[in-house]
Amino acid sequence: MDQLQTINQVVEELSSSERTKLLYLCGSFETEPSTESLKELLGRKVLHHDTGQLLLGELMVRLRRFDILRKVCKTTRDEVERTLSSRHFVPKFRVLMANISEDLASEDLNSLKFLLSQVLPREKLEKSKSFLDVVIELEKLDKVSSQSVDLVEECLVGIGRLDLTRKVSAYKKSAATLEQNSQQQRSRTPSPFFGASSQHQAIGQEQPLCRAKNGNFKFAENIPISSSRDQSFQNQLESYRFTSNPRGGCLIIDCVGNDGDLLEQTFKALQFRVVVHKWLGGHQILPAIKETIRQRQYTEGDAFVCCIISRGTSNHLLGTDSCITGLPVDSVSQQFTAKGCPALAGKPKLLFIQRYNVAECQPHNWREHQDEDLETDGFNGHTTVDSIPENADVFWSHCWTDEHQLEEGPHFSAYLKALTDALLKGQRRNKHITDLHTEVNGVIYEHNNRNPGATYHIDLKHTLRKNLYL
């Protein structure tokens, strides 16, 4: 009865998010737990096992609810952590996933969901409010498990969270070491049955296997991640072809009138075939994109670039218009899917947007052109659309700042200046596109420190499947 009362008190003290995390740590896939279901699960875990009280203590430490440890469980953090130094009761894999979930900001989560748009159904991603929700869906599909965390590692690299990537790599290395030690121990211990093989493994400590050149299986080696980039991940990828002349098409839409010329000069220097549209209204941006990508001369190279400079709101681009619904920002990348533009399937699409935020206003609607209204002109070749993820091969860099900067005399975007400088230098140094953008991030960070009243914000995400070097 005392243990039941303890469990009831613990559950009542927890917030909704803490209950979800607790369920996950206990092995459940439920994301919206009721109080009763959580009490029932904890009852099974705690009441029917000799180590139940130790498990409950560890769970409170993982939740950082040291007040519950002291007030309800009648123990201290130090006592529990001394026990945890020699043994654990919660799988390390689940602890790792839960900790990553706590460390991811909402912007990181959105970028990660973007990378997983071809792995998980859209409705699942929309319902996922945390990284744990995403991981649970990946575990259900057997995309992620204690034996395989490569997908998580790749996604964290993709969104630039190398600090969390190191934690995943450390987990893999630890798991490999434990498994190797376990194998050595089993090889020294005769099996009690002739021909039988021991299958005991530490829970949550399994390591993925890979096939060696001799045909045997071995544990995948872990290579430490450098401070600049996850080289082990990048070296496993082949590079996009980037040798055509011209390199590809480049569409520049400048609805503000200040930096379009700079972008045109930059991408002509990078050997792109450039087309520029200036002073377009919001309703003209999408047709301009569609008209360009239906022309073979802009899609037959190795890559495609789209740059847009526009006023806008948090989710829409307005062009030169003031009070209209505007073009949904997400609809820009949708024009470059494998099915939306077969001629660019499998090729890298680089999208750069500079948005100047304006105040929200009462909109009136305008009719967007539908995809079926335009046909892809001049393309009748075979593509690999069916074998390429719908949203693959997109590099998306979206920067926004306040419109008031345009009212203070001649204005040139600090973001676009940093971007063009990095691209031109990158061509000479043969640097990876994400490394170039890291340089852009550094320039913007310094700019924001010097100019707190004129800050820029950047959203970077990509679905590149290969290395991309300019």
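So, how was this worked out
- Residues numbered from 1 in each chain as written.
- Predicted model: local features only at pLDDT ≥ 70, side-chain atom pairs only at ≥ 80, totals over all residues.
- Heavy atoms only, no water.
- Helix = DSSP H or I, 4+ residues; strand = E, 2+ residues; numbered from the N terminus.
- Contact = heavy atoms within 4.5 Å.
- Areas by Shrake-Rupley, 256 points an atom, 1.4 Å probe, with all protein chains shown as cover.
- Phe/Tyr/Trp six-rings, centres within 6.5 Å; stacked < 30°, edge-to-face > 60°.
- Lys NZ or Arg CZ within 6 Å of the ring centre and 35° of its normal.
- Expected span 1.5 Å × (residues − 1).
- Buried < 20%, exposed > 50% of the residue type's maximum accessible area, 1.4 Å probe, protein only.
- Core = buried A, V, L, I, M, F, W, Y, C linked by side-chain atoms within 4.5 Å.
- Salt bridge = Lys/Arg side-chain N within 4 Å of Asp/Glu carboxyl O.
- pLDDT = per-residue confidence, 0-100.
- Pairing = 2+ DSSP bridges.
- Axes fitted to C-alpha atoms, helices over the stretch in contact; angles between N-to-C directions.
- Parallel < 35°, antiparallel > 145°, perpendicular 65-115°, else oblique.
- Nonpolar A, V, L, I, M, F, W, Y, C, P; charged D, E, K, R; others polar.
- Polar contact = N/O pair within 3.5 Å; in protein donor to acceptor, adjacent residues only side chain to side chain.

Peer 1: Please give an account of the overall build of the protein that cites residues and values.
Peer 2: When its secondary structure is counted, the protein shows 19 helices and 10 strands. Partitioning the contacts of the protein with sequence separation of at least 6, the portion at a separation of at least 24 is 74%. By element, 47% of the accessible surface of the protein is carried by carbon and sulfur atoms, the whole surface being about 23,900 Å².

Peer 1: Before we move on, can you summarise the packing of aromatic side chains with the specific residues and values?
Peer 2: Here the structure, examined in full by the defined rule, presents 5 aromatic pairs. Ring centres of Phe-267 and Phe-272 lie 5.7 Å apart, and the angle between their planes is 90°; this geometry places the pair in the edge-to-face category. An aromatic cluster is present here, built from Phe-242, Phe-267 and Phe-272 joined pairwise through their rings. Stacked on the ring of Phe-114, the Lys or Arg Lys-461 has its end atom at 5.1 Å from the ring centre.

Peer 1: Provide a residue-level description of helix α19 (residues 433–450), including the pertinent values.
Peer 2: For α19, built from 18 residues, the straight-helix expectation of 26 Å at 1.5 Å per residue is met to within 8% by its first-to-last C-alpha distance of 26 Å. Turning to α19, its buried residues are Ile-433, Thr-434, Asp-435, Leu-436, His-437, Val-440, Ile-444, His-447 and Asn-448. Against β9 (394–402), α18 (414–429) and β10 (457–462) lie the buried residues of α19.

Peer 1: Tell me what's going on with the nonpolar core, and back it up with residues and numbers.
Peer 2: By size, the foremost hydrophobic cluster in this structure holds 35 residues, and its most contacted members are Phe-267, Phe-272, Val-305, Phe-352, Tyr-415 and Leu-423. The set of elements that each furnish at least two residues to this core consists of β3 (248–254), α14 (260–269), β5 (303–312), β8 (349–357), β9, α18 and α19. The leading source of residues in this core is α18, at 7 residues. Beyond its immediate sequence surroundings of up to four residues, Phe-352 is in contact with Phe-267, Val-305, Cys-306, Cys-307, Ile-308, Phe-395, Ser-397, Tyr-415 and Leu-419. Counting 29 residues, the second-largest nonpolar core is a separate cluster that includes Tyr-24, Phe-93, Val-135 and Leu-151.

Peer 1: Lay out the pattern of salt bridges in plain terms, naming residues and giving numbers.
Peer 2: Per the stated rule, a full pass over the model turns up 25 salt bridges. For Glu-58, the salt bridge identified is with Arg-62, shortest N-O distance 3.0 Å. Within this pair, Glu-58 and its partner Arg-62 are both found in helix α4 (residues 52–62), separated by 4 residues, close to a single helical turn. Via salt bridges that share partners, Glu-13, Glu-18, Arg-65, Asp-67 and Lys-71 belong to a single interconnected network.

Peer 1: Before we move on, can you summarise the confidence of the model for the protein with the specific residues and values?
Peer 2: Predicted confidence across the protein gives a mean pLDDT of 80, with 79% of residues reaching 70 or more. Looking over the protein, one finds the lowest element-wise mean pLDDT in strand β2 (residues 217–219), namely 32, and the highest in β3, namely 97. Within the model, pLDDT remains below 50 along residues 189–236, and this stretch shows 73 contacts once partners closer than five positions in the same chain are excluded. Low pLDDT, under 50, characterises residues 362–388; the predicted model gives this stretch 53 contacts beyond four residues in sequence or across chains.

Peer 1: An account of the side chain of Lys-347 is needed here, citing residue identities and associated values.
Peer 2: Following the sequence through the fold, Lys-347 ends up in the loop between α17 (330–334) and β8. Sequence-distant contacts of Lys-347, that is, excluding residues within four places in its chain, are made with Thr-299, Glu-300, Gly-301, Asp-302 and Asp-393.

Peer 1: Any details on the pairing of β9? Residues and values, ideally.
Peer 2: Along β9, 8 of the 9 residues are buried, which leaves the element largely enclosed by surrounding structure. When β8 meets β9, the two strands line up parallel, connected through 9 bridges. Bridge pairing in β9 links Ile-353 to His-398. For β9 and β10, the ladder comprises 6 bridges, and the chain directions are antiparallel. Paired with Cys-399 across the bridge in β10 is Ile-458.

Peer 1: Kindly report on the packing of helix α3 (residues 35–47) against α4, identifying the contributing residues and their values.
Peer 2: With their axes 7 Å apart at the nearest point, α3 and α4 run at an angle of 130° to one another. Considering the angle they form, α3 stands oblique to α4. Residues Leu-42, Lys-45 and Val-46 of α3 pack against Gly-52, Gln-53, Leu-55, Leu-56 and Leu-59 of α4. A per-class count over the contact of α3 with α4 returns 5 nonpolar, 2 polar and 1 charged.

Peer 1: Any details on helix α11 (residues 150–158)? Residues and values, ideally.
Peer 2: Turn by turn, an α-helix covers 3.6 residues, leaving residues three or four places apart pointing in a common direction. The buried fraction of α11 is high, at 7 of 9 residues. Along α11, the positions that sit buried rather than exposed are Leu-151, Val-152, Glu-153, Cys-155, Leu-156, Val-157 and Gly-158. Where α11 ends, the next residue or the one after it, Gly-160, has phi of about 80°, a positive value.

Peer 1: I'd love a proper account of the environment of Arg-273, names of residues and values included.
Peer 2: With respect to the helices, strands and loops of the structure, Arg-273 is situated in strand β4 (residues 273–278). In the structure, Arg-273 is positioned 24 residues away from Gln-297 in sequence and 8.0 Å away in space, judged by C-alpha atoms. Apart from the residues lying within four places of it in its own chain, the contact partners of Arg-273 are Pro-246, Gly-248, Gly-249, Cys-250, Gln-297, Tyr-298 and Glu-300. Polar side-chain contacts of Arg-273 include one of 3.1 Å to the backbone oxygen of Gln-297.

Peer 1: Can you lay out unusual backbone geometry for me, pointing to particular residues and giving the numbers?
Peer 2: For the bond from Asn-245 to Pro-246, the omega torsion is 0°, close enough to zero to count as cis. Even without being glycine, Asp-142 reaches a positive phi, approximately 60°. Relative to the helices and strands, Asp-142 is located in the loop between α10 (131–140) and α11. Even without glycine at this site, Asp-393 takes up a positive phi of about 70°. The residue Asp-393 is located in the loop between β8 and β9 in this model. Here Asp-393 falls in the buried class, since its relative accessible area comes to 0%.

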